[in-house]
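# Inside the fold
Chain by chain, the residues run as shown.
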Amino acid sequence: MTVSPLIWGITIVVILALLAFDYFFHIRKAHVPSLKEAAVWSSVYVGLAIVFGILVLIFGGGQMGSEYFAGYITEKALSVDNLFVFLIIMASFRVPREDQQKVLLFGIVFSLIARTGFIFLGAALINSFAWVFYIFGLILLLTAGNLLKPGDHGDDQANNFIIRLAKKLFHTTDKYDGDKLFTMLNGKRALTPMLLVMVAIGGTDILFALDSIPAIFGLTQNVFVVFTATAFSLMGLRQLYFLIDGLLDRLIYLSYGLAAILAFIGVKLILHALHENNLPFINDGEHVNVIEITTGLSLSVIIGVLVITVVLSLISPAGKAQTAINNARRHAVDYLDLDYTADANERERIYRALTAEEAQIVQMPLKYRNKAKDVEKIREQVAEAHRQHEAFLNR
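Now for a quick tour of the structure.

What counts, and at which threshold
Residues numbered from 1 in each chain as written. Predicted model: local features only at pLDDT ≥ 70, side-chain atom pairs only at ≥ 80, totals over all residues. Heavy atoms only, no water. Helix = DSSP H or I, 4+ residues; strand = E, 2+ residues; numbered from the N terminus. Rg over C-alpha atoms; globule rule 2.2 N^0.38 Å. Contact = heavy atoms within 4.5 Å. Lys, Arg positive; Asp, Glu negative; His and termini not counted. Charge placed at Lys NZ, Arg CZ, Asp CG, Glu CD. Salt bridge = Lys/Arg side-chain N within 4 Å of Asp/Glu carboxyl O. Buried < 20%, exposed > 50% of the residue type's maximum accessible area, 1.4 Å probe, protein only. Core = buried A, V, L, I, M, F, W, Y, C linked by side-chain atoms within 4.5 Å. 1 Å grid on protein atoms, 1.4 Å probe; cavity = no way out; pocket = protein on both sides within 12 Å on 5 of 7 lines; lining within 4 Å. Points joined across faces, edges and corners; volume = space filled by probe spheres on them. Pairing = 2+ DSSP bridges. Phe/Tyr/Trp six-rings, centres within 6.5 Å; stacked < 30°, edge-to-face > 60°. Lys NZ or Arg CZ within 6 Å of the ring centre and 35° of its normal. Expected span 1.5 Å × (residues − 1). Polar contact = N/O pair within 3.5 Å; in protein donor to acceptor, adjacent residues only side chain to side chain. Axes fitted to C-alpha atoms, helices over the stretch in contact; angles between N-to-C directions. Left-handed = near helix turned anticlockwise from the far one by under 90°. Nonpolar A, V, L, I, M, F, W, Y, C, P; charged D, E, K, R; others polar.

### Regarding the overall build of the protein chain
When helices and strands are counted, the protein chain shows 15 helices and two strands. By the compact-globule yardstick of 21 Å for 395 residues, the protein chain fits well, its C-alpha radius of gyration being 23 Å. A separation threshold of at least 6 residues defines the contact pool for the protein chain, and within that pool the share at least 24 residues apart is 78%. A gap of 5 Å separates the mean positions of the 33 positive and 34 negative side-chain charges of the protein chain.

As structure tokens, this is what we get:
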């Protein structure tokens, strides 16, 4: 189905209006969103995405609607995985919790711009060169393999080349000045960590786009569907971050599920490339008679894999243990460095969270507790947090 310029224009205006609404009504004044606020607005944005998908089904037909929902679900799952890296970056830069919303909105806007560029570039390549499907398929298979590699999830993202270069070439400071990007230090204009963390988020957004755009092109080549599914998957990501903050580590099998989905889409792309083949060294430039995976089957596989992945993660004792231990580590470190935030209530919030996590850990079997990385260091940090809290109360 060909989408008219009018529909394109209305869609873009609606997306820009949602971003503007998010900024002026939720982010302009720095604050920590409550669980209720995060839950309500996460539901609103998911609801808007579903309503839009229903409109696509009604006016675009079943094929187009199925492609939209397959693309939206895949991109949403990849976006949740991206939150792991955002969490690591903001923890590394000690971003005040009340200012994290602004960083996340910047990440969403930059990601939307970067992915839009990749979408139109990808569409142009596909229309001109059918062999691009081979490239996209190989990218997804390599990405799936990387997701299966053991190791820390994105630990180096906060110290990428751009950040190291900025610190070397420009006058920077380690202290925040509210949400300002620049401040005065010793009479000189200096870059604050707020600007640096936005650069780090922007850099990782470009890397994420290299994975996500081939994935959705493996499900549909309709540029309107690709754009809208990507855009709506990013909407509400800020609220989702605060809603599932602390539970991200619980999804211990998410990377395996995403690896399976990306590998499946990669195979689908390569099969499609073989069907459309015009490379002279493959079957003498003629198309190859292979099965092609339907959108309905793709949607079923994506939903099935995600449901299994999430359920197994949530019922896993190892997942519960890892979540509690990682959160205890994070809150102990935060408590020992409270000068990064101006929120007076942050001390009590962090300490309450820390004690709740300790209570969970105590009830766990030793085999799960002792599996944690640097377990002795974590115990020392938690103990020091208790000592400092006792000293704070006895001042």
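### Observations regarding the pattern of salt bridges
The tally for this structure, following the rule as stated, stands at three salt bridges. Here Asp22 makes a salt bridge to Arg238, at a shortest N to O gap of 2.6 Å. Of this pair, Asp22 sits in helix α1 (residues 5–27) while Arg238 sits in helix α9 (residues 237–243), placing them 216 residues apart in sequence. There is no split in this pair, since Asp22 and Arg238 are both buried. Of the charged contacts in the structure, one is a salt bridge between Arg115 and Glu75, with a shortest N-O distance of 3.3 Å. Within this pair, whereas Arg115 is found in helix α4 (residues 100–128), its partner Glu75 is found in helix α3 (residues 62–92), the two being separated by 40 residues in sequence. As far as the burial class goes, Arg115 and Glu75 line up, both buried.

### Quick notes on the environment of Gly137
Considering the arrangement of structural elements, one finds Gly137 in helix α5 (residues 132–147). On the basis of relative accessibility, which here comes to 0%, the residue Gly137 falls in the buried class. Taking C-alpha positions, Gly137 is 6.4 Å from Val267, a pair spaced 130 residues apart along the chain. Apart from the residues within four sequence positions on either side, Gly137 is in contact with Gly266, Leu269 and Ile270.

### Notes on the nonpolar core
In this structure, Tyr68, Phe93, Val197 and Phe217 are the most contacted members of the largest nonpolar core, which totals 90 residues. For this core, the leading source of residues is α3, giving 15 residues. Residues Ile350, Tyr351, Leu354 and Val382 belong to the second largest nonpolar core, which totals 16 residues.

### A few points about empty space enclosed by the protein
For the structure on display, the rule yields four cavities of 30 Å³ or more. Volume-wise, the second largest cavity comes out at about 40 Å³. What lines the second largest cavity is Leu18, Leu19, Asp22, Tyr45, Leu105, Ile108, Leu234, Met235 and Gly236. At the level of secondary structure, the elements contributing two or more residues to the lining of the second largest cavity comprise α1 and α4.

### Concerning the environment of Arg330
Mapped onto the elements, Arg330 comes out in helix α12 (residues 317–335). Owing to a relative accessible area of 17%, Arg330 belongs among the buried residues under this scheme. Sequence-wise, Arg330 and Val382 are 52 residues apart; in three dimensions their C-alpha atoms are separated by 9.7 Å.

### Overview of the pairing of strand β2 (residues 188–191)
Relative to β2, strand β1 (residues 182–185) is paired through four bridges, and the arrangement is antiparallel. In the strand pairing of β2, Met184 is matched with Arg189. Here β1 folds back onto β2, and the loop between the two strands holds two residues, one of which, Asn186, carries a positive phi near 55°.

### Focus on the packing of aromatic side chains
Geometry of an aromatic ring pair is reported as the spacing of the ring centres plus the angle between the planes. For the structure shown, the criterion picks out 16 aromatic pairs. Arranged with centres 6.1 Å apart and planes meeting at 40°, the rings of Phe52 and Phe224 form a pair that is tilted. Note that Phe52 is positioned in helix α2 (residues 35–60) and Phe224 in helix α8 (residues 223–234), a separation of 172 residues in sequence. For Phe52, a relative accessible area of 14% gives the class buried. By relative accessible area, which is 5% here, Phe224 ends up buried. By the ring-pair criterion, three or more aromatic residues cluster together here, those being Trp8, Phe52, Tyr68, Phe69, Tyr72, Phe120, Phe224, Phe227 and Phe232. Positioned over the ring face of Phe182 is Arg189, at 4.5 Å from the centre of the ring.

### Regarding α5
Look at α5: 23 Å from first C-alpha to last across 16 residues, which is about the 22 Å you get at 1.5 Å a residue. Where α5 is concerned, the buried positions are Val132, Phe133, Tyr134, Phe136, Gly137, Leu140, Thr143, Ala144 and Leu147. In this fold, the buried residues of α5 make contact with α3, α4, α7 (193–217) and α10 (254–275).

### Section: the side chain of Ser79
With respect to the secondary-structure elements, Ser79 resides in helix α3. Of note is the side chain of Ser79, whose polar atom sits 2.8 Å from the backbone oxygen of Glu75.

### Details of the packing of α4 against α7
The contact between α4 and α7 brings their axes to 8 Å, and the two run at 35°. In terms of crossing hand, the pair formed by α4 and α7 is right-handed. Of the residues contributing to the contact of α4 with α7, the split by class is 18 nonpolar, five polar and three charged.

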